[in-house]
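Residues per chain, in single letters:
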Amino acid sequence: MRQDWLLLGFLLLTIVLTVVDPRPLSDQQRWLQLPTLAGLLGLLICIQGIRDSGLVQHVAAAMVARAHSLRMLGLLLVSTTAVLAMVLTNDVSLFLIVPLTVAIGRISNMPVMRMVVLEALAVNAGSTLSPIGNPQNLLVWQYTHLPFLQFVLAMLPAFGVMFALLVLLTWWWLPRDRVMLHAEDIDGHPISVAQAALSVTALASMVLMMEHNHAVLGALLLLVPFALLERGTLARVDWLLLATFAAIFLGLGHASELPFVQHALDSLDLDQPLTLYVSGIVASQMISNVPATVLFLRHAPDTMALAVAVNVGGFGLAIGSLANLIALRLAKQPGGGRLLHQVSVPFLLVCAPLVYLAWRWLG
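Just so we're clear, the structure is a prediction, and the values are computed from it rather than from any experiment. (Residues numbered from 1 in each chain as written. Predicted model: local features only at pLDDT ≥ 70, side-chain atom pairs only at ≥ 80, totals over all residues. Heavy atoms only, no water.)

### Examining the overall build of the protein
- Helix and strand counts for the protein come out as 19 helices and 0 strands.
- For 363 residues, the compact-globule estimate of 2.2 N^0.38 gives 21 Å, and the protein sits close to it at 20 Å.
- By the burial criterion, 58% of the 363 residues in the protein qualify as buried.
- Across the protein, the fraction of contacts at a sequence separation of at least 24, relative to all contacts at a separation of at least 6, is 82%.
- When the accessible surface of the protein is totalled, it reaches about 15400 Å², and 68% of it is carbon and sulfur.
- The average position of the 17 basic charges and that of the 18 acidic charges among the side chains of the protein differ by 9 Å. (Helix = DSSP H or I, 4+ residues; strand = E, 2+ residues; numbered from the N terminus. Rg over C-alpha atoms; globule rule 2.2 N^0.38 Å. Buried < 20%, exposed > 50% of the residue type's maximum accessible area, 1.4 Å probe, protein only. Contact = heavy atoms within 4.5 Å. Areas by Shrake-Rupley, 256 points an atom, 1.4 Å probe, with all protein chains shown as cover. Lys, Arg positive; Asp, Glu negative; His and termini not counted. Charge placed at Lys NZ, Arg CZ, Asp CG, Glu CD.)

Have a look at this one:
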C-alpha cells in the first residue's frame with residue numbers, strides 16, 4: 001500500500017538525517033509534534049468506535065434509499081462525505097463512504113468511479129473547514145492555538161468556493177437517470193447504541209480537550225474506557241497512519257532546519273500572500289499537503305494563509321493528499337488514477353485562483 005511506502009520513506013529520511021546531522025533529543029521532541037499526534041490518536045479512536053457502531057453506515061444507506069435520481073444520489077453522498085470529513089477527518093470519512101459506494105454500485109446503475117472521485121474531492125473540500133478535518137489543519141490548529149470557531153471562520157471563504165465548485169461538478173458530471181436500487185440489500189448493518197453513544201461522547205470531549213491545549217491528557221483519558229469496554233476498537237485503530245505522520249513530522253521537521261533548506265526557504269518572500277499561497281500549493285503537489293505544512297509552518301508569517309494553500313493543494317495530483325490515494329485504494333476500480341487526474345487537476349486550476357480571491361476579499 002502507498003501508505004507503507006510513505007512510512008518507510010520518511011523513516012529512512014529520519015534515520016539518514018539523524019546520522020549525518022545529529023541533533024539533541026529536545027529537537028526530536030519538538031519536531032515530533034506530540035500534541036498534534038495525541039490529538040490525531042484520540043480522534044482515530046473515536047472515529048473507529050463510530051465506524052464500528054454502524055451508525056454512519058445506517059444513516060448513509062437511509063439517505064440513499066430516498067434518492068430518486070443518480071444526480072440527487074450523488075449530491076447526497078457528496079454532501080454527506082463533506083460533512084463527515086469535517087468531524088471524522090478526511091481519511092476516515094473515505095473508509096466509511098467508499099465501501100458503501102462500491103456496494104451501491106454493485107446493485108445499481110450508479111457510476112462507481114465517478115462517485116469515488118467526487119468523494120475524494122468532497123473530503124478535501126469538507127475537511128478544509130474544520131480544525132480536526134485533516135492532519136494539516138490539526139497541525140496548524142495546535143500550532144496557532146486559535147479557538148475552534150475562529151479557525152472555522154477563517155477557513156469559511158475557501159471552503160465555500162470549494163464546495164460550490166464541487167456541487168456544480170457533481171450536477172454536471174452525473175447523469176439524470178433514475179436510481180435502480182434495492183435499499184434493503186445494503187441497509188442491514190446493525191447499530192450498537194452503546195458503542196455509538198460512547199464514541200460520540202468521546203469525540204466531543206476530545207475536541208474540547210484539544211481546544212484547551214490538553215490533547216495528550218485527552219488521548220490518555222480516552223484509552224481507559226475503550227480499553228475496558230471496546231478493546232476490539234483499539235485493535236482496529238489505524239496505528240500505521242499514526243506512525244506515518246510521526247515519521248513525516250520527524251523527517252520533515254529535521255529536513256526543514258537543514259542549512260541549505262533554510263536558505264532556500266529564506267529566499268522565498270513568504271511575506272507576500274501570493275508567494276506563500278503558490279508555494280504551499282506547489283509543495284503539496286510534490287510532497288503531499290501534510291509534509292508541505294510541516295515544511296513551511298515555522299516560516300509562514302500568516303499561518304492561516306498556509307492552511308488555505310495546503311488545503312487547496314490537496315486537489316490536483318493524487319499525491320497532493322493522502323486521502324486521494326486512500327480513495328483509489330478502497331475503490332479498486334480499473335483506470336481510477338487516470339480518471340482522478342482528469343478531473344482533479346482541472347479542478348485545482350479552476351479552484352486555486354477563485355479561493356485566493358475569496359480569501360483575500362473575505363478573509
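### What about unusual backbone geometry?
- At Gln33, a residue that is not glycine, the phi angle is positive and equals roughly 55°.
- Tracing the backbone through its elements, the reader meets Gln33 in the loop between α2 (25–32) and α3 (34–53).
- One non-glycine residue with positive phi stands out, namely His145, at about 60°.
- Mapped onto the elements of the fold, His145 is located in the loop between α8 (135–144) and α9 (148–173).

### With respect to the environment of Leu75
- As for its placement among the helices and strands, Leu75 is situated in helix α5 (residues 70–88).
- Judged by relative accessible area, Leu75 falls into the buried class, the value being 16%.
- Distance in space between the C-alpha atoms of Leu75 and Gln142 is 33 Å, their sequence separation being 67 residues.
- When sequence neighbours within four positions are dropped, the list of residues in contact with Leu75 reads Val167, Thr170 and Trp171.

### A few points about the nonpolar core
- Among the nonpolar cores identified, the biggest contains 124 residues, and Phe245, Tyr277, Val312 and Val355 are the most heavily contacted of them.
- When neighbours within four sequence positions are excluded, Tyr277 is seen to be in contact with Val308, Ala309, Val312, Ala352, Val355 and Tyr356. (Core = buried A, V, L, I, M, F, W, Y, C linked by side-chain atoms within 4.5 Å.)

### A short note on the packing of α8 against α9
- Put simply, α8 and α9 touch, their axes get as near as 11 Å, and they point 125° apart. Compared by their axis directions, α8 and α9 come out oblique. Note that α8 runs across α9; the crossing there is right-handed. From α8, Asn137, Val140 and Trp141 reach across to α9, where they touch Phe148, Phe151 and Met155. (Axes fitted to C-alpha atoms, helices over the stretch in contact; angles between N-to-C directions. Parallel < 35°, antiparallel > 145°, perpendicular 65-115°, else oblique. Left-handed = near helix turned anticlockwise from the far one by under 90°.)

### Things to note about α5
- Its 19 residues place the ends of α5 25 Å apart at the C-alpha level, agreeing with the 27 Å of an ideal helix rising 1.5 Å per residue.
- Burial runs high along α5: 14 of the 19 residues are buried.
- Looking at the residues trailing α5, positive phi occurs at Thr89, about 75°. (Expected span 1.5 Å × (residues − 1).)

### Focus on the packing of aromatic side chains
- Scanning the model with the defined rule gives 6 aromatic pairs in all.
- Here the aromatic rings of Tyr277 and Tyr356 are separated by 5.0 Å at their centres, their planes lie at 45°, and the arrangement is tilted. Of this pair, Tyr277 sits in helix α15 (residues 273–287) while Tyr356 sits in helix α19 (residues 336–362), and the two are 79 residues apart along the sequence.
- Judged by its relative accessible area of 4%, Tyr277 falls in the buried class.
- Ring geometry for Tyr356 versus Trp359: centroids 6.0 Å apart, planes at 50°, classification tilted. On the criterion of helical spacing, the pair formed by Tyr356 and Trp359 is a turn pair, its members being 3 residues apart in helix α19. (Phe/Tyr/Trp six-rings, centres within 6.5 Å; stacked < 30°, edge-to-face > 60°.)

### Things to note about the side chain of Asp27
- Topologically, Asp27 is positioned in helix α2.
- On the basis of relative accessibility, which here comes to 14%, the residue Asp27 falls in the buried class.
- In terms of polar contacts, Asp27 uses its side chain to reach the side chain of Arg30, at 2.9 Å. (Polar contact = N/O pair within 3.5 Å; in protein donor to acceptor, adjacent residues only side chain to side chain.)

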